[in-house]
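Geometric and topological summary
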2 protein chains.
Amino acid sequence: MQILIVEDEKRLADALREILSEQKYMTDVVYDGKVGFDYALSGIYDAIILDIMLPHKNGFEIAYELRKNKIETPILMLTAKDTIPDKVSGLNSGADDYMTKPFAPEELIARLKAITRRKGEVILDEATFGDFTFNSSTCQLTKGVKSIHLNFKETELLKLFISRPNAIISKEEIITKVWGYDSDAGSNNVEAYVSFLRRKLSFIGSETEIKSAKKLGYRMECKP
Amino acid sequence: MQILIVEDEKRLADALREILSEQKYMTDVVYDGKVGFDYALSGIYDAIILDIMLPHKNGFEIAYELRKNKIETPILMLTAKDTIPDKVSGLNSGADDYMTKPFAPEELIARLKAITRRKGEVILDEATFGDFTFNSSTCQLTKGVKSIHLNFKETELLKLFISRPNAIISKEEIITKVWGYDSDAGSNNVEAYVSFLRRKLSFIGSETEIKSAKKLGYRMECKP
DNA sequence: ATTTTTAAACTTTTTTTAAGGTTAATAGGT
DNA sequence: ACCTATTAACCTTAAAAAAAGTTTAAAAAT
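Attention here is on the structure that accompanies the text. (Residues numbered from 1 in each chain as written. Chains lettered and ligands numbered in written order. Predicted model: local features only at pLDDT ≥ 70, side-chain atom pairs only at ≥ 80, totals over all residues.)

1. Observations concerning the overall build of chain A
When its secondary structure is counted, chain A shows eight helices and 11 strands. With 224 residues in all, chain A has 29% of them scored as buried. Across chain A, contacts joining residues at least 24 apart in sequence account for 54% of those joining residues at least 6 apart. (Helix = DSSP H or I, 4+ residues; strand = E, 2+ residues; numbered from the N terminus. Buried ≥ 20, exposed ≤ 12 C-beta atoms within 10 Å, placed from the backbone. Contact = placed C-beta atoms within 7 Å.)

2. Looking at the packing of helix α6 (residues 152–163) of chain A against helix α7 (residues 171–179) of chain A
All names here are of chain A. Running from N to C, α6 and α7 point in directions that differ by 130°, and their axes come no closer than 9 Å. On the basis of their axis angle, the class for α6 and α7 is oblique. Along this stretch, α6 crosses α7, giving a crossing that reads as right-handed. Side by side, α6 and α7 meet where K153, E156, L157 and L160 of the first sit next to I174, K177 and V178 of the second. Of the residues belonging to the contact of α6 with α7, the class tally is four nonpolar, no polar and three charged. (Axes fitted to C-alpha atoms, helices over the stretch in contact; angles between N-to-C directions. Parallel < 35°, antiparallel > 145°, perpendicular 65-115°, else oblique. Left-handed = near helix turned anticlockwise from the far one by under 90°. Nonpolar A, V, L, I, M, F, W, Y, C, P; charged D, E, K, R; others polar.)

3. Things to note about the protein's contact with DNA strand D
As a matter of local geometry, DNA strand D sits amid 21 residues, with S195(A), S212(A), E191(B), S212(B) and K214(B) nearest to it. For the surface near DNA strand D, the secondary-structure elements that each account for two or more residues are α8 (187–203) of chain A together with α8 (187–203) of chain B. For the surface near DNA strand D, the element with the most residues is α8(A), which contributes eight residues. Counted by class, the surface near DNA strand D contains four nonpolar, eight polar and nine charged residues. (Near = placed C-beta within 6 Å.)

4. A short note on the interface of chain A and chain B
In many reports, interface size means the accessible area that the parts give up when they come together. Counting residues at the interface gives 14 residues for chain A and 16 residues for chain B. No other element matches the six residues that helix α5 (residues 105–120) of chain A contributes to the side of chain A that touches chain B.

5. What to know about the packing of α7(A) against α8(A)
Residue and element names in this part refer to chain A. Where α7 contacts α8, the axes come no closer than 10 Å and their chain directions differ by 80°. The angle between the axes of α7 and α8 places the two elements in the roughly perpendicular class. Only S187, N189 and V190 of α8 make contact with α7, whose side of the interface consists of K171, I174, I175 and W179. Here the contact of α7 with α8 is composed, by residue class, of four nonpolar, two polar and one charged.

6. Things to note about the environment of V30(A)
Residues and elements named next belong to chain A. Here V30 lies in strand β2 (residues 26–30). Since 19 C-beta atoms lie within 10 Å of it, V30 is described here as partly exposed. Along the backbone, V30 and A13 are 17 residues apart, and their C-alpha atoms lie at a distance of 8.5 Å. V30 has contacts with V6, V35, G36 and Y39, leaving out every residue within four places of it along the chain.

7. Let's talk about the sheet that holds strand β3 (residues 47–51) of chain A
All names here are of chain A. Within the open sheet, the five strands sit side by side as β2-β1-β3-β4-β5. Their pairing is parallel. Looking along the sheet, the strands with just one partner apiece sit at the ends: β2 and β5 (97–100). Between one strand axis and the next, the sheet turns by 20° as a mean value, whatever way the strands run. Bridge count between strand β1 (residues 2–6) and β3: four bridges; the pairing is parallel. Within the sheet, the bridge partner assigned to L4 lies in β3 and is I48. Helix α3 (residues 59–68) rests against β3 and β4 (75–79) of the sheet, and its axis sits at about 150° to β3. (Pairing = 2+ DSSP bridges.)

8. A short note on the protein's contact with DNA strand C
Around DNA strand C, the structure places 19 residues, and the nearest of them are N151(A), K153(A), N151(B), K153(B) and K214(B). Listing elements by their share of the surface near DNA strand C, those giving two or more residues are α6 and α8 of chain A together with α6 (152–163) and α8 of chain B.

9. Brief notes about α8(A)
All names here are of chain A. For α8, built from 17 residues, the straight-helix expectation of 24 Å at 1.5 Å per residue is met to within 8% by its first-to-last C-alpha distance of 24 Å. By the burial criterion, the buried members of α8 are V190, Y193, L197 and L201. Angular distribution of buried residues about the axis of α8 spans 85°; they occupy a single face of the element. Facing away from the buried side of α8 by more than 90 degrees, the exposed set consists of N188, A192, S195, R199 and S202. Contacts from the buried residues of α8 go to α6, α7 and β10 (209–213). Remark: G205 follows α8 within two positions and exhibits a positive phi of approximately 85°. (Expected span 1.5 Å × (residues − 1). Arc of directions from axis to C-beta.)

Take it as geometry only, folks, not as evidence of what the structure does.
If you want it as structure tokens, here you go:
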């Protein structure tokens, strides 16, 4: 789970990051409205925690424009104001929930879980892709009678390929989504994990191939 | 058994917690209607004790919206009012039982048992999983002639594993369900209890294994 | 007296790193 | 155009390093 925090009060931003990482969320923090909007536009996040008063672009504008751009990432708005008009414009602008400062860490987590549940939990359980099956509740890769477990990073990598059949996915994107935004993993790390995944795929007897497109990235070929 | 208490009178809330923990229930207490709703929405509780008059969102609304969200957790409504209309709207809104303040601790426990029995007791008594049997009314783990008693946390942990055979369950979820929403238990607590459970499982001669999937969680492998 | 937490030493698995082998694109010469 | 040398990108694997999990014993809490 990757969460974007857009909050210009540095202390609060740090506290948020702290709370979330304790709960094993991955976080990116930005302090400026415009920058936050650009980050959010990438669509890679599972939720956005958005302050209303921000330099350069306020929270309402960000939420409104994101929705206009078909970015449906759940948004949890954050503000010091507890006035009804604020609350209304927040929800009108496209936010999914609203929370006033100060708040208890538990409340934050509860609300975050509530807004990510609806959209996030759809992908669960069994996905069939090409000639194999991946069960995300057991992290098992299966074809026929043969089956093998994937570990954490292999799982993330496979999910990424499954989510975009036949599409070329750049190494940059793989690093961002599997290792995290600020990791210093290099292309060799990706290569190694692609190799691990290929081995497991072939171990279960799958014909599915992860092909490399030089300089562009990788793509998993869907064989029906 | 985890119970959510939503009650803004701090003294009463404390008393409730006291009564319940004496009976070995695990409790989370919140003082606000909206927060209570979010907690309840998690669906992790075995019952909810819900005051009617609450800040931000009243008990009727909470019950009604929970049912609308397909949360079927049994609800015991609590109120100072003893009027019939109240009683009716309480039950209409989706509550399972209704109790007026003040009340005797025994009455609370009795009603709580009554509403949790129907839905909760399906799993009760003897459950066979893989090569062993667990009797949840005596908390005994049995295989063949060998048998051993589980304590409270071991029991909760085992029930969680039994409820989702072969699925990977994250440490986060284990902490939430076994230690409670707001506990500050860490991963080492989980590790220790998994270890205790493994020892007891192997003591009775069971082949069933609790495997760890690093960074993902634990899973109990069902050996038929 | 039992349950629960904590801490420490130990084991296992994951993750990174690095090196040597392949492959495919590019450049240069004919 | 064609062949070949060069080079950069990619593949695979072993093994080193880092991180996560296991198991105890003992302290703390109930």
